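Topology and contacts: notes
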Amino acid sequence: MRVLLVGAGGVGTAITRIVARRPFLESMVVADYDRGRAESAVAAVDDARFTAERVDASDEAAVADLLARHRCDVLLNATDPRFVMPLFRAARTAGAGYLDMAMSLSRPHPERPYEECGVRLGDEQFALAEEWEKAGALALVGMGVEPGLSDVFARYAADELFDEIEEIGVRDGANLTVDGYDFAPSFSIWTTIEECLNPPVVYEAGRGWFTTEPFSEPEVFDFPEGIGEVECVNVEHEEVLLVPRWVDARRVTFKYGLGREFIDTLKTLHLLGLDRTEPVTVPGPDGPVAVSPRDVVAACLPDPATLGERMRGKTCAGTWMRGTRDGAPREVYLYHVVDNEWSMAEYGCQAVVWQTAVNPVVALELLATGVWSGAGVLGPEAFPARPFLDLLTEYGSPWGVREQ
């Protein structure tokens, strides 16, 4: 398989280190707006299959040309969600497959943002599904850890653990700390602001998708492997938009263990308008400059990819479900835990970015070997779960099932 990886940040760099150990890869072009980052990612793996290029992810023509020039089979998108659509369209133009870890952006309902959906996550991609299907091409969307592995867990539970599912709830929590920082997000702050301050989406059978207030419906969830109890709240996330398309459940939610301090910081950013993406004009040494407040916030914080040496603890991604099996009630939590000490020692990558990165690589291998196949715009739930989970374990990162 010949892959164009766009984005050489924390997740992109982790992808190169994981896939370099797998024989299914024929070649990988690592492209980034900052050529130096791409070159650093390639140099670190010291593998002739990898090449560095510079590309602007918003330039569809340049991305399509890069795909054609290197005869790539698939574009793997490791950028933040604002670049989903140009990369998605560039892959279709070039006749390549496509895989991402976050879907096209939502826009709140103009009058009733905390009751009704406006433009939903992934709507722009699913609007082009017929075009992809007619071409016999596959766009595998939402194939990171959350969304991604969490969706695979939902499909596995529906196939093997339940006869009927009442509720599917993705629950994410961690006990990670970063030495020397009072506030240092372990993942892209741009993406974190987007998903945490947008109206969360909930799905209910008979009602469909609807929205609530940010950080609503708090609950305390007990996470495994020593992480313990963490308060989780509703957050906008792709699983709620993906799971009901392929898995029957009466209710689907996503709740994130953010912590009170993190929530208060996000609320303050929103209050000050620092979550905005629209440029504002500020004075500069050579005259007025237009800058995005959210980009400024991101620039002021440490790069999550550089925090691994200072980070301590574990991160857990998982899917909780309740329903019935053989007429009896059942409740389970399927989960995947990564210890930062292990991921740093084994791959030189901090736990959160490594956990995100391993799943698209597993998916690429399943596609390359023909175990997974399809056409159209499909989520992880559209494919059999067992081969994915078996291969994830083979990668040295097992998953678990806890009866509740």
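Considering the packing of aromatic side chains
A complete count under the given rule lists 17 aromatic pairs for this structure. Ring plane angle 75 degrees and centroid distance 6.2 Å describe the contact between Phe223 and Tyr333, whose orientation is recorded as edge-to-face. Here the residue Phe223 occupies a position in strand S11 (residues 219–223), and Tyr333 occupies one in strand S18 (residues 328–339), the gap between them amounting to 110 residues. Under the relative-accessibility criterion, Tyr333 is labelled buried at 0%. Joined through ring pairs, the aromatic side chains of Phe221, Phe223, Tyr333 and Tyr335 make up one cluster. Here the basic side chain of Arg21 rests over the ring of Tyr347, its NZ or CZ set 3.9 Å away from the ring centre. Against the face of Tyr33 rests Arg54, its NZ or CZ located 4.3 Å from the ring centre.

Some thoughts on helix H14 (residues 385–394)
Along H14, the positions that sit buried rather than exposed are Ala385, Phe388, Leu389, Leu391 and Leu392. The arc that holds every buried residue of H14, seen down its axis, measures 165 degrees, which confines them to one face. Residues of H14 that are buried sit in contact with helix H7 (149–160), S18 and helix H13 (351–368). One or two steps after H14, the chain reaches Gly396, where phi turns positive at roughly 90 degrees.

Points about unusual backbone geometry
For the bond running from Glu146 to Pro147, omega is 0 degrees, close enough to zero to count as cis. With respect to the element layout, Pro147 can be found in the loop between strand S6 (138–140) and H7. Positive phi outside glycine occurs at Asp46, with the angle close to 50 degrees. Summarising the element assignment, Asp46 is placed in the loop between helix H2 (35–45) and strand S3 (50–54). For Asp46, a relative accessible area of 69% puts it in the exposed group. Positive phi, normally seen in glycine, also occurs at Asp326, with a value near 55 degrees. Residue placement: Asp326 occurs in the loop between strand S17 (314–325) and S18.

What counts as what
- Residues numbered from 1 in each chain as written.
- Predicted model: local features only at pLDDT ≥ 70, side-chain atom pairs only at ≥ 80, totals over all residues.
- Heavy atoms only, no water.
- Phe/Tyr/Trp six-rings, centres within 6.5 Å; stacked < 30°, edge-to-face > 60°.
- Helix = DSSP H or I, 4+ residues; strand = E, 2+ residues; numbered from the N terminus.
- Buried < 20%, exposed > 50% of the residue type's maximum accessible area, 1.4 Å probe, protein only.
- Lys NZ or Arg CZ within 6 Å of the ring centre and 35° of its normal.
- Arc of directions from axis to C-beta.
- Contact = heavy atoms within 4.5 Å.

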